[in-house]
Amino acid sequence: MVKAVTGFGRSGLYDWFIQRVSAVVLVAYTLFIVGFIFLSKDFGYDSWSALFEQRWVRVFSLVALISTIAHAWIGLWSVITDYLTNRMMGGKATVLRILVEVLLGAVAVFYAVWGIEILWGV
Amino acid sequence: MLKVSIYRYNPDTDSAPYMQDYELDTQGKDLMVLDVLELLKAEDPSLAFRRSCREGVCGSDGMNISGKNGLACVMPISEAAPKGKLVLRPLPGLPVIRDLVVDMEQFYTQYKKIEPFLQNDTPAPAIERLQSPEDREKLDGLYECILCACCSTACPSFWWNPDKFIGPAGLLQAYRFLADSRDEATDERLSKLDDPFSVFRCHGIQNCVNVCPKGLNPTRAIGHIRNMLITRAV
């Protein structure tokens with residue numbers, strides 16, 4: 001059993017499961033948005049703002065945004081724990097990893113707050 | 001003439017590893033790679049490699065043969081060097097002790113972690129613990145592993161985290177005991193695998209399947225472990 005406190009859910013199974021669920025949400029959202037753009041008859045500002053005035057679209061968009069953040073955290077966390085390891089770089093890997101994790105966390109919070117502002121601000 | 005290029009490194013005398021070229025007259029025979037090494041060693045006794053059974057059972061002579069991990073004893077040169085040039089390197093990712101001999105410590109440490117023995121606390125019956133033919137069949141494709149390390153040392157996830165990711169060989173064996181009807185420690189075994197590294201560093205690259213000299217499928221076994229973890233958690 002390997003300890004990992006900076007993983008998304010601290011359990012490999014949980015991370016794996018969330019990554020799959022978030023991927024399905026993102027596929028559904030992408031199909032929905034791309035489908036709307038190409039299938040609506042007179043696509044423009046009016047139809048776009050009418051779409052996002054509906055609460056379920058805002059909620060769906062928020063769920064997609066949260067899925068993106070979770071998916072990105074799990075994926076990028078795997079990448080940094082593969083390449084920035086103490087085994088390869090010594091003690092400075094810990095500092096580097098924490099820095100990257102803080103940066104990723106800050107970006108995630110920024111996008112989450114900004115996304116909510118946009119979705120409920122129009 | 002067969003051209004052979006071999007990774008050489010003697011930490012006592014060499015400052016860095018280098019490739020040494022040899023030529024060997026195979027007399028038109030389709031030798032195994034191990035035969036080539038033995039013939040070259042007769043000429044150059046300083047050449048170091050491991051070997052034992054010479055028939056693909058002991059797993060001692062796993063090495064990187066023309067870019068792909070395999071057992072030297074069961075790899076014919078017609079397959080390993082179709083253009084007449086054979087390149088031999090040690091198994092990738094593990095520390096080199098000398099020439100083609102690697103330090104397998106990390107590999108065995110991971111194997112040890114999965115507790116590769118039957119755990120059963122019920123008093124032993126007068127005869128063996130019997131299995132139905134169906135239960136026995138579940139171990140096919142698992143028990144044949146000879147721990148040659150070809151798979152784990154072909155796995156990028158194992159290269160990056162050999163101290164945390166159990167690796168395909170260890171996980172194939174983990175599933176061999178999870179699947180065994182006589183083993184009672186299934187839950188404890190699964191609990192020890194439920195972290196982000198031990199099992200879940202497998203990204204399904206399938207290099208392990210590609211190189212296994214015994215034709216086994218560690219990726220499938222890892223999928224079964226994952227299914228067992230999910231089944232008990234949802």
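The rules behind each value
- Residues numbered from 1 in each chain as written.
- Chains lettered and ligands numbered in written order.
- Predicted model: local features only at pLDDT ≥ 70, side-chain atom pairs only at ≥ 80, totals over all residues.
- Heavy atoms only, no water.
- Contact = heavy atoms within 4.5 Å.
- Buried area = accessible area lost by both parts, 1.4 Å probe.
- Salt bridge = Lys/Arg side-chain N within 4 Å of Asp/Glu carboxyl O.
- Helix = DSSP H or I, 4+ residues; strand = E, 2+ residues; numbered from the N terminus.
- Nonpolar A, V, L, I, M, F, W, Y, C, P; charged D, E, K, R; others polar.
- pLDDT = per-residue confidence, 0-100.
- Buried < 20%, exposed > 50% of the residue type's maximum accessible area, 1.4 Å probe, protein only.

A. Inspection of the interface of chain A and chain B at higher detail. With 16 residues of chain A in contact, the opposing surface of chain B contributes 23 residues. Here chain A meets chain B over a buried area of about 1800 Å², counting both sides, of which 64% is carbon and sulfur. Looking only at chain A, the three residues that lose the most surface to chain B are Val2, Leu13 and Arg87 of chain A, adding up to 36% of its buried area. Run the count over chain A and chain B and you get one salt bridge. Breaking the side of chain A that touches chain B down by element, the ones donating at least two residues are α1 (12-39) and α3 (55-83) of chain A. Looking at the side of chain A that touches chain B element by element, the count peaks at five residues for α3 of chain A. Here the side of chain A that touches chain B is composed, by residue class, of eight nonpolar, five polar and three charged.

B. Quick peek at the confidence of the model for chain B. Summarising the model, chain B shows a mean pLDDT of 96, and 100% of its residues fall at 70 or more. Confidence estimates for the predicted assembly give a pTM of 0.91 and an ipTM of 0.85.

C. Local environment of the pattern of salt bridges. All names here are of chain B. What the rule picks out here adds up to 12 salt bridges over all chains. Ionic pairing is found between arginine 176 and aspartate 180, a salt bridge with its closest N-O pair at 2.9 Å. What makes arginine 176 buried here is its relative accessible area of 13%. The class for aspartate 180 is buried, based on a relative accessible area of 2%. Where salt bridges share partners, they join Arg8, Asp44 and Asp99 into one cluster.

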